[in-house]
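So you can see what is in the structure, the chains are spelled out below.
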Amino acid sequence: MTGKPIVQFQNVKKSFDELEVLKGFDLDIMPGEKVSIIGPSGSGKTTIIRMLMTLEKPTDGEIIVDGQNLWHMESNGKWVEANEKHLSKIRGNIGMVFQHFNLFPHMTILRNCTEAPVHVLGLNKKEAEQRAKQMLAKVGLAEKEKNYPFQLSGGQKQRVAIARALVMQPKVMLFDEVTSALDPELVGEVLRVIKDLAEQGDMTMILITHEMDFAMEISDRVVFFADGYLTEEGPPEELFNNPKSDRLKSFLQRFSKV
Amino acid sequence: MSAAEIVEVLSRGVTVTVSLMLVSGILALVVAFVAGLSRVSGLKIVRFLTTVYVEFFRGTSLLVQLFWIFFVLPQLFGIRLDPFMAGVITLGLNYGAYASEIVRGSILAVPDGQREAAVALNMSKTQRMRLIILPQALRTMLPGFGNISIELLKATALVSLITLQDMMYLAQNLRAADYSLSLKVFGILLVMYFVLALPLIVLSRYLEKRASRGVANT
Ligand SMILES: Nc1ncnc2c1ncn2[C@@H]1O[C@H](COP(=O)(O)OP(=O)(O)OP(=O)(O)O)[C@@H](O)[C@H]1O
Ligand SMILES: [Mg+2]
């Protein structure tokens, strides 16, 4: 992979009151790259991608998306904090799938997938439905389009959430432990959908996961985040089979025990 | 005077009572949404001013507010309202203040994940509110609105004190003419208010049941 990074974290810091979660996080992600972030619970993995999705504001540092600074903008020759308009312009490059799906309960599955394309992208209803149906078929849920979220299983809901994000055609997709709220027997169907997506190639994907086998299988690179820093990174085989830092060694050990 | 005659007299006030309730109800609804949305606005000054309005109207007597608008405003500013308008404005502002708390509470009760999903789909602030938050909040609001409308109906009786000829006013008249009728007149009046409230009671019970089941929290 060559060219310019699509996402850059530059010395990003984030605190919640007294709690310093990110102490200086650096990471460059290339277009099309599949990056998994692993790390102890509560270390700040979710916070990292929430800042990229503009759901959380960094305390310090820069996040660059496709060459554009996300949280700062130029105004009359000065760097100022980004306003909603600026955030919205860049946010269009990014999509996110949440741990708890967050489908819209008052809309059918199809409507869940067409609402944003119609109102945000300005597609007409027919185009939006066409796109939505295509994506629902891709995640294997074409026949559920008239149902409501409460009529679906957890795995199905999460697949709808993936389709809903894909319809917006983001360049970068974020997945935050998308299987950890699911019953074990439903995990596979969701991981398969993500794997298909990864194999199709050109979309950049950032995944937070506790499924080490899955991370190994689909990632180009795995990032180990702990104690506020990117502690170790590398290709999955290397990172899992030959960890260098003690911190990662003990983390992986604890994992293989369960 | 027979019971039938009393009912006949009091019935002449039903139109005033009901239309006062309907018109001030509509005003209250509009006020409730404007004030409720302002209470969750991103602008501090908007939130502050609305809070002052809401707490002022909730914290002072409805009757005193009514007298202010009907008797004091004309003296202070030369604004003369007919009794019906004065009633509508007072009841609308007062019950709008109460109902705005319901609007605000219902909006805040929508899980934050809904807003976050809407942000992730790059919806604007207005779109998030209009397409995602409000439609879900509305379900929670309806039973509260039902209850408030019953309160509002009962409160309309106060306008008899500013010469509006509603059911209460006519009942007072009958009593003034013949004190021995008190029990009969006010007994019948109670029943008539209850009959008017009945559809509202049934409706809010239905809305309560509907809000507590189904679609909402998936
Ligand atoms: N909005 C918030 N307010 C206060 N503290 C927060 C907030 N969001 C996260 N935190 C804290 O920041 C830390 C990092 O949280 P985060 O959710 O990013 O961790 P994580 O690595 O994703 O954990 P997990 O693996 O359990 O999902 C935690 O200690 C959490 O309690
Ligand atoms: Mg997390």
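Coordinates for the structure precede this section.
Definitions and limits used
- Residues numbered from 1 in each chain as written.
- Chains lettered and ligands numbered in written order.
- Predicted model: local features only at pLDDT ≥ 70, side-chain atom pairs only at ≥ 80, totals over all residues.
- Heavy atoms only, no water.
- Helix = DSSP H or I, 4+ residues; strand = E, 2+ residues; numbered from the N terminus.
- Rg over C-alpha atoms; globule rule 2.2 N^0.38 Å.
- Buried < 20%, exposed > 50% of the residue type's maximum accessible area, 1.4 Å probe, protein only.
- Contact = heavy atoms within 4.5 Å.
- Areas by Shrake-Rupley, 256 points an atom, 1.4 Å probe, with all protein chains shown as cover.
- Lys, Arg positive; Asp, Glu negative; His and termini not counted.
- Charge placed at Lys NZ, Arg CZ, Asp CG, Glu CD.
- Near = heavy atom within 4 Å.
- Polar contact = N/O pair within 3.5 Å; in protein donor to acceptor, adjacent residues only side chain to side chain.
- Nonpolar A, V, L, I, M, F, W, Y, C, P; charged D, E, K, R; others polar.
- Pairing = 2+ DSSP bridges.
- Axes fitted to C-alpha atoms, helices over the stretch in contact; angles between N-to-C directions.
- Core = buried A, V, L, I, M, F, W, Y, C linked by side-chain atoms within 4.5 Å.
- Buried area = accessible area lost by both parts, 1.4 Å probe.
- Salt bridge = Lys/Arg side-chain N within 4 Å of Asp/Glu carboxyl O.
- Parallel < 35°, antiparallel > 145°, perpendicular 65-115°, else oblique.
- Left-handed = near helix turned anticlockwise from the far one by under 90°.
- Expected span 1.5 Å × (residues − 1).
- Arc of directions from axis to C-beta.

Student: Quick question: what am I supposed to make of the overall build of chain A here?
Tutor: Regarding its fold elements, chain A presents nine helices and 12 strands. For 258 residues, the compact-globule formula gives about 18 Å, and the C-alpha radius of gyration of chain A, at 19 Å, lands near that figure. With respect to the principal axes defined by its C-alpha atoms, chain A has extents near 55 × 50 × 40 Å. The buried share of chain A, taken over its 258 residues, is 56%. A sequence separation of at least 24 residues applies to 63% of the contacts in chain A between residues at least 6 apart. Summed over all atoms, the accessible surface of chain A reaches about 11800 Å², with 46% contributed by carbon and sulfur. One finds the centroid of the 32 positive side-chain charges in chain A at a distance of 5 Å from the centroid of its 36 negative side-chain charges.

Student: Just to check I follow, could you spell out the site of ligand 1 for this structure?
Tutor: Residue and element names in this part refer to chain A. Lining the immediate surroundings of ligand 1 are 13 residues, of which S41, G42, K45, T46 and T47 lie closest. Contact between ligand 1 and S43: an oxygen atom at 3.2 Å from a main-chain N or O atom of the residue. Separating an oxygen atom of ligand 1 from a side-chain N or O atom of E177 is a distance of 3.2 Å. Across the complex, the protein chains shield 61% of the 630 Å² of accessible surface that ligand 1 would expose by itself. Among the secondary structure elements, those contributing two or more residues to the shell around ligand 1 are β2 (19-29) and α1 (45-52). With three residues, α1 is the single largest residue contributor to the shell around ligand 1. Looking at the shell around ligand 1 residue by residue, the classes come out as four nonpolar, seven polar and two charged.

Student: Please clarify how the sheet that holds strand β4 (residues 60-65) of chain A should be interpreted in this entry.
Tutor: Paired through backbone hydrogen bonds, the strands of a sheet run either parallel or antiparallel to each other. Residue and element names in this part refer to chain A. The four strands lie next to each other as β2-β1-β4-β5, forming an open sheet whose pairing is antiparallel. In this open sheet, the two edge strands, each paired with only one partner strand, are β2 and β5 (68-69). Direction of pairing for strand β1 (residues 7-16) relative to β2: antiparallel, over a ladder of eight bridges. Residue K14 lies in a different strand from β2, and its bridge partner there is L22. Of the strands in this sheet, β1, β2 and β4 touch α1, which is tilted by about 115° from β1.

Student: Help me out: how do you make sense of the nonpolar core in this one?
Tutor: Soluble globular proteins tend to pack their nonpolar side chains together in the buried interior. Residues and elements named next belong to chain A. One finds F9, F25, L52, I63 and L174 to be the most contacted residues of the largest nonpolar core, which totals 46 residues. Broken down by element, this core gets its largest block of residues, five residues, from β2. Once residues lying within four places of it in the same chain are set aside, the contact partners of F9 are F25, D26, L27, I48, L52, E62 and I63. One finds A132, L141, V160 and I194 within the second-largest nonpolar core, a separate group that totals 36 residues.

Student: What should I look at first to understand the pairing of strand β11 (residues 221-226) of chain A in this one?
Tutor: Looking down a regular strand, the side chains alternate between one sheet face and the other. All names here are of chain A. Most of β11 is tucked away, with six of its six residues classed as buried. In this structure, strand β3 (residues 34-38) lies alongside β11, joined through four bridges in parallel fashion. In the sheet register, I38 faces β11, and the bridge partner there is F224. Where β11 and strand β12 (residues 229-234) come together, five bridges link them in antiparallel fashion. Residue F224 lies in a different strand from β12, and its bridge partner there is E232. The loop that links β11 with its antiparallel partner β12 comprises two residues; one of these, D227, has a positive phi angle of about 55°.

Student: Is there a simple way to think about the sheet that holds β11 of chain A in this case?
Tutor: All names here are of chain A. Pairing is mixed across the open sheet formed by six strands, whose spatial order is β8-β9-β10-β3-β11-β12. In the strand order of this sheet, the two ends are held by β8 (94-97) and β12, each with one partner. Strand after strand, the sheet turns through a mean of 20° between neighbouring axes, direction not considered.

Student: Whenever I open this one, the interface of chain B and chain A confuses me. Can you help?
Tutor: For interface size, the figure often reported is the accessible area lost on association. If you look at the interface, chain B gives 20 residues, while chain A gives 27 residues. Counting the surface lost from both chain B and chain A, the interface buries some 2100 Å², and carbon and sulfur atoms represent 63% of this. Linking chain B to chain A there are two salt bridges. Across the pair E116 of chain B and R50 of chain A runs a salt bridge, and its minimum N-O distance is 3.0 Å. On the surface where chain B and chain A come into contact, there are nine residue pairs in polar contact (both at pLDDT 80 or more).

Student: Is there a simple way to think about the packing of helix α3 (residues 44-59) of chain B against helix α5 (residues 83-109) of chain B in this case?
Tutor: In helix packing, the relevant descriptors are the interaxial angle and the interaxial distance, both defined with respect to the helix axes. Residue and element names in this part refer to chain B. Where α3 contacts α5, the two axes come as close as 9 Å, and the packing angle between them is 120°. What the angle tells us is that α3 and α5 run oblique. For the element pair α3 and α5, the recorded crossing hand is left-handed. Seen from α3, the contacting residues are Y53, V54, F57 and R58; seen from α5, they are L93, N94, G96, A97, Y98, S100 and E101.

Student: Which parts of the structure should I look at to understand helix α5 (residues 154-166) of chain A?
Tutor: Because an α-helix packs 3.6 residues into every turn, residues spaced three or four apart end up facing the same way. With 13 residues, α5 of chain A should reach 18 Å at 1.5 Å per residue; the first-to-last C-alpha distance of 18 Å fits that figure. Most of α5 of chain A sits out of view: 13 of its 13 residues are buried.

Student: For this particular structure, what's the right way to read helix α8 (residues 167-177) of chain B?
Tutor: For α8 of chain B, every residue scored as buried is listed here: M167, L170, A171 and L174 of chain B. Down the axis of α8 of chain B, the buried set is contained in an arc of 105°. They therefore lie on one face.

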